Amino acid sequence: MSSLWVLASTNAGKLAELNRMVQPSGKVFRPQSDFHVPATDEPYPTFLENALHKARHASLHTGLPALADDSGLCVPALGGQPGVHSARFAGDDRCDARNVQQLLHHMVAVTDRRAYFYCVLVAVRHPDDPVPIVAEGLWQGTLAGAPQGSGGFGYDAIFYPVDCTETVAQLASEWKEQHSHRAQAIRQVLARLAWADGR
Ligand code: ITT
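Just so it is clear, the model here is predicted, and its values are computed rather than measured.

Criteria and thresholds
Residues numbered from 1 in each chain as written. Predicted model: local features only at pLDDT ≥ 70, side-chain atom pairs only at ≥ 80, totals over all residues. Heavy atoms only, no water. Helix = DSSP H or I, 4+ residues; strand = E, 2+ residues; numbered from the N terminus. Contact = heavy atoms within 4.5 Å. Near = heavy atom within 4 Å. Polar contact = N/O pair within 3.5 Å; in protein donor to acceptor, adjacent residues only side chain to side chain. Nonpolar A, V, L, I, M, F, W, Y, C, P; charged D, E, K, R; others polar.

Caption draft 1: Quick look at the environment of Q140. Considering the arrangement of structural elements, one finds Q140 in strand β5 (residues 133-143). The sequence separation of Q140 and C74 amounts to 66 residues, and the corresponding C-alpha distance is 9.6 Å. Discounting chain neighbours no more than four positions away, the residues touching Q140 are A115, Y116, F159, Y160, P161 and V162.

Caption draft 2: Inspection of the site of the ligand at higher detail. Taken together, 21 residues form the shell around the ligand, and within it S9, T10, K54, D156 and K176 come nearest. Note that an oxygen atom of the ligand is positioned 2.7 Å from one of the backbone N or O atoms of T10. In the model, a nitrogen atom of the ligand is placed 2.7 Å from a nitrogen or oxygen of the D156 side chain. Among the secondary structure elements, those contributing two or more residues to the shell around the ligand are β3 (66-74) and α5 (181-196). The dominant element in the shell around the ligand, judged by the number of residues it contributes, is β3, at four residues. A per-class count over the shell around the ligand returns four nonpolar, eight polar and nine charged.

Here's what the structure looks like:
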């Protein structure tokens, strides 16, 4: 299996994390922008469907195997919001800081502050791959009252993983890359690819 994959994403945070996580395997993800892949929508109500859609789209436009990540932060007290709308919770400009403020605004009178990050990774060898690799990860925690820390991206500055007294944005990036929803999922993808490669 090729060691060069296209990452079906425009999110620089995902790209950096995934490339650090797969480095020992020799795999490299290049962003779809390197190949001028046109933007695509994410029309589906589930992370899984959106990830499959993005992976196929990138593979079709590049002729390369493609990995897509659809992920988000789910808050049970808000009926699962922002969920699949996490990237655009405060508007189409996908501004992390405004998304965080929007979520904190929704949480003002809410006492149940539990939340979890969820990630689905879908890997396709080609656009019509009949056996996509599908992996998921779920990372539980609680929401802070205000942003703390400067690492990571997205909602990291307001997320305390279970048993942590610091937000993900305050914790070392290496720690996030061992424990996160994305880390859980990429380990499964790498195991499947290693098996396919006979390793
Ligand atoms: P692509 O679709 O181009 O990959 P995106 O950012 O729009 O980029 P998603 O639709 O999957 O991707 O939305 C993911 C959002 O969920 C992301 O923008 C963050 O707001 C949030 N998110 C996902 N993983 C995160 C993480 O590890 N830390 C913080 N926030 C995260």
